[in-house]
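# Structure assessment
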Amino acid sequence: MTFEKLKFKKINNARDLGGLPAEGGKRVKYGKLIRSSRLYKLPKITVKRLKEYGLTAIVDLRTETERNARPATKIAGVKYHALPILTSSTAGITADTSAMSVIYKESKRLKREYETTDNYMTSMYTEVLFGEESRPVIKKFFDIILEEDGCVLWLCNQGKDRTGILAMLLEGLLGVDEKTIIADYVASAKFLKPKRALQKIAITIVPSPLKLKSILYALVNVKPQYIAGAIDAIKQKYGGITEYCKQVLEITEEEITALKNKYLE
């Protein structure tokens, strides 16, 4: 399947989940669910286009520090929900300045505990899924998705990690197959390619320990094994995404049916 970037000026990584194939021959509706990178200093033309797209709610998954550093552009008539999904133990899955500082200080411990940067990233994803702090936040996200009648956009700094985790859960509940879920996640690599190239150059030229550089490189990469590892962890504990959502997030069968009725055609 081909994934198309929504061409909103100043948004690096936005796409509509519309058209994703689901079980029973159905597909996700267009114009209802958008995943995105940050909405910082958006020009008027982008704000206008988002409103014309039918946007009614924004869910910002970034920390307070990230939001203060690069505030999301406020859009009149669109609800804004700040739902920081990042916990202190998972500070690595964003490339903002404050997180890099944490990683720099913790680089020796991270290298010792995780051995490889791929292990580190996979662990961060599973901590988001199973951590006590993040569970109610993820459930609130689904409450918003259920409540809204218009288009919902959720975002984080780059639109690949926290945003990707929630996209994976939502797509799984809607009956999108695992292969397509992973392909959607990996599409961020294409959309963020110009930005990632600049980030990698900066990491290379700035003096810092090699172990720190390896972690920072991982933060800007989009590897299928990161989201695949999260899905595998869910399978091992709960058998699949739907059962995870039922048991961990306490999403009911009725709510799952409502999601499908609302977002599939």
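Before going into details, it helps to say that this report is about the structure given with it. (Residues numbered from 1 in each chain as written. Predicted model: local features only at pLDDT ≥ 70, side-chain atom pairs only at ≥ 80, totals over all residues. Heavy atoms only, no water.)

The next thing to look at is the packing of helix H4 (residues 117-130) against helix H10 (residues 224-238). Between H4 and H10, whose axes approach to 9 Å, the crossing angle comes to 50 degrees. By the angle between their axes, H4 is oblique relative to H10. Here H4 runs over H10; the crossing is right-handed. Here H4 contributes Asp118, Met121, Thr122, Tyr125, Thr126, Leu129 and Phe130 to the contact with H10, which in turn contributes Gln225, Tyr226, Ile227, Gly229, Ala230, Ala233, Ile234, Lys237 and Tyr238. Its residues assigned to classes, the contact of H4 with H10 shows ten nonpolar, four polar and two charged. (Axes fitted to C-alpha atoms, helices over the stretch in contact; angles between N-to-C directions. Helix = DSSP H or I, 4+ residues; strand = E, 2+ residues; numbered from the N terminus. Parallel < 35°, antiparallel > 145°, perpendicular 65-115°, else oblique. Left-handed = near helix turned anticlockwise from the far one by under 90°. Contact = heavy atoms within 4.5 Å. Nonpolar A, V, L, I, M, F, W, Y, C, P; charged D, E, K, R; others polar.)

Grouped together as the largest cluster of nonpolar side chains are 61 residues, with contacts concentrated most on Phe142, Trp154, Met168, Leu169 and Tyr244. Tallying contributions element by element places helix H6 (residues 162-174) first for this core, with eight residues. Once residues within four sequence positions are removed from consideration, Tyr244 is found in contact with Leu129, Phe130, Ile138, Leu169, Ile234, Tyr238 and Leu249. Listed in part, the 16 residues of the second largest apolar core include Leu39, Leu55, Cys151 and Leu155. (Core = buried A, V, L, I, M, F, W, Y, C linked by side-chain atoms within 4.5 Å. Buried < 20%, exposed > 50% of the residue type's maximum accessible area, 1.4 Å probe, protein only.)

Time to look at unusual backbone geometry. With a phi close to 50 degrees, Lys41 is a non-glycine residue in the positive phi region. Here Lys41 shows up in the loop between strand E2 (33-36) and helix H1 (44-52). Given the relative accessible area of 57%, Lys41 is considered exposed. For Glu250, which is not glycine, the phi dihedral falls at a positive 60 degrees. Mapped onto the secondary structure, Glu250 falls in the loop between helix H11 (241-247) and helix H12 (253-263). Residue class for Glu250 comes out exposed when judged on its relative accessible area of 59%.

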